[in-house]
Structures are given as C-alpha cells and as structure tokens.
Amino acid sequence: MRKIAVFAFVLSFLSVSSLFAFGELTEKVEKLVDTNQKNLERTYYPRDQKPNQFSLKFGPGLLAGVAYSYNLNHFFAVGFGAGTIAPGLSADMLFTAYLMPTTVAPYVSAGVVYYGDFVRNVVSGELGAGVDVALDNGFGVNLGVGYVRSFADTGRPFDNVVAYDDVNWFNVQGGLNYRF
C-alpha cells in the first residue's frame, strides 16, 4: 500500500512540475483552443473561425445586392445572392477559391447569374478575380474584377446555344463583408 501511495505522489508531482517546466502555450495553440472546433482540420484563419459570410456586393454579377456564402474549408466557398438592375432583379450562385489561406487572400470565382427585367430573362456566366481582406473583428472588404457574359435568353428558348450580346460586362467589383 505504501508503494502505491509513493508512486501516486511521484506521478502527481511530475505531472504538476511538467506544467511549469514547459512554459505557456504558443500563440498558434491559443488561437486553436479559442476556436473550440471539433474538426481538427480547421485552422485559426478567419475563414475557418467564422465560415459564414454576409456581403454587400457592387459590380458584376449582382450590380448592387446582398449575398451569403459559406466556406467549406479555408480554400473553397459556395454562395448565393440577390441584387437589382434598373429595372429588374438579379440572382447568382457563385463558387469561390481562395488561393492562399491568409487574412489577405487572392481569390478566383465562377458562377451563374440570372437577370430579369419583367419582360425578358437572361442567364449568364460569371468569372471574377480579386483580393479579399478579412479583418480581426469579422468585418472585411474585397476588391476585384468581374466578367459576365450571357449564354441563354429564356425569352427565346430554342436559341440558347450561342452567346448573346445582351450581357457582356467587364468591370470592377467590390464588397463589404461580415463573417459570423
């Protein structure tokens, strides 16, 4: 019994002393602990800590609108949005790839955009590239270029094979983001 008590005392002494011997946690480990993620593949980058993003977007695809996106991981996001054209509405579904998992991340995006002006409906393809800056408090900005080209006019359902000149825009796009 005495041997067991001595062994338990020595083991507890070594455990407690090892906490003081190895010092504090590193900044990276503290950030990982703060995320409280159960998925061990997550990192401490803003797109992993807060994968949901709400955006105010300006420029091609939506022209002026709101969007929601979800980061599947720190490289890929999928989103959708709704906006306005004068007169009419626009909606898009967009896939974004962040080229570097950092707070200042270049990205490329591709998606499909719908434009409707209450008379005609046009479906377009969208390509974009730019830089997304994620700030510490969940806010962020992005700036880039976008190209939108129509490929189907649902007002003429049998002529949807060739690209139409209805929508052919190359323009600057930007947005204000909030991650949660």
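Residues numbered from 1 in each chain as written. Predicted model: local features only at pLDDT ≥ 70, side-chain atom pairs only at ≥ 80, totals over all residues. Heavy atoms only, no water.

(A) Structural detail: the overall build of the chain. Along its length, the chain carries three helices and eight strands. Counting only residues that meet the buried cut, the chain has 34% of its 180 residues in that class. Once local pairs closer than 6 in sequence are excluded, the contacts in the chain between residues at least 24 apart make up 48%. Element-wise, carbon and sulfur atoms account for 70% of the exposed surface of the chain, whose accessible area totals about 11500 Å². (Helix = DSSP H or I, 4+ residues; strand = E, 2+ residues; numbered from the N terminus. Buried < 20%, exposed > 50% of the residue type's maximum accessible area, 1.4 Å probe, protein only. Contact = heavy atoms within 4.5 Å. Areas by Shrake-Rupley, 256 points an atom, 1.4 Å probe, with all protein chains shown as cover.)

(B) A look at the nonpolar core. One finds I85, V113, Y115, V122, V148 and V167 forming the largest nonpolar core, which totals six residues. For V167, the residues in contact, after removing those within four places along its chain, are Y115, V122, S124, V148, R149 and S150. (Core = buried A, V, L, I, M, F, W, Y, C linked by side-chain atoms within 4.5 Å.)

(C) Inspection of the confidence of the model for the chain at higher detail. Considering every residue of the chain, the mean pLDDT works out to 80; 77% of them sit at 70 or more. The element-level mean pLDDT for the chain is lowest in helix α2 (residues 27–35), coming to 69, with strand β3 (residues 76–84) highest at 94. Segment residues 157–162 is flagged for pLDDT under 50; beyond a separation of four residues in sequence, or across chains, it makes four contacts in the model. (pLDDT = per-residue confidence, 0-100.)

(D) Representation of unusual backbone geometry within the structure. Positive phi, close to 70 degrees, is recorded for L63, a residue that is not glycine. When you line up the elements, L63 lands in strand β2 (residues 63–71). On the accessibility criterion, L63 (30% relative accessible area) is partly exposed.

(E) Molecular detail of a nonpolar patch on the surface. A surface patch of nonpolar side chains, about 900 Å² in accessible area, is lined by F54, L56, F58, V66, L135, F139, V141, L176, Y178 and F180. When residues of the nonpolar patch are traced back to their parent elements, those giving at least two are β1 (52–59), β7 (139–153) and β8 (168–179). No other element matches β1, which puts three residues into the nonpolar patch. Residue placement: F180 occurs in the segment after β8. With a relative accessible area of 46%, F180 lands in the partly exposed category. (Patch = residues over 30% accessible without salt bridge, like charges linked within 9 Å, V, L, I, M, F, W, Y side chains within 5 Å. Salt bridge = Lys/Arg side-chain N within 4 Å of Asp/Glu carboxyl O.)

(F) Representation of the environment of F118 within the structure. Note on placement: F118 falls in the loop between β5 (104–116) and β6 (121–134). For the pair F118 and G88, spaced 30 residues apart in the sequence, the C-alpha separation amounts to 6.4 Å.

(G) Geometry of the packing of aromatic side chains. This structure, assessed with the given rule, holds five aromatic pairs. A ring pair is formed by Y68 and F80, whose centres lie 5.8 Å apart and whose planes are at 55 degrees; its orientation type is tilted. Pair noted here: Y68 is in strand β2 and F80 is in strand β3, with a separation of twelve residues, a long-range link. A relative accessible area of 29% places Y68 in the partly exposed class. Between the aromatic rings of Y115 and W169, the centroid separation amounts to 5.4 Å while the plane-to-plane angle is 75 degrees, which identifies the pairing as edge-to-face. Placement of the pair is Y115 in strand β5 and W169 in strand β8, with a sequence separation of 54 residues. Assessed through its relative accessible area of 4%, Y115 is described here as buried. An aromatic cluster is defined as three or more aromatic residues linked by ring pairs; in this entry it consists of F139, Y178 and F180. (Phe/Tyr/Trp six-rings, centres within 6.5 Å; stacked < 30°, edge-to-face > 60°.)

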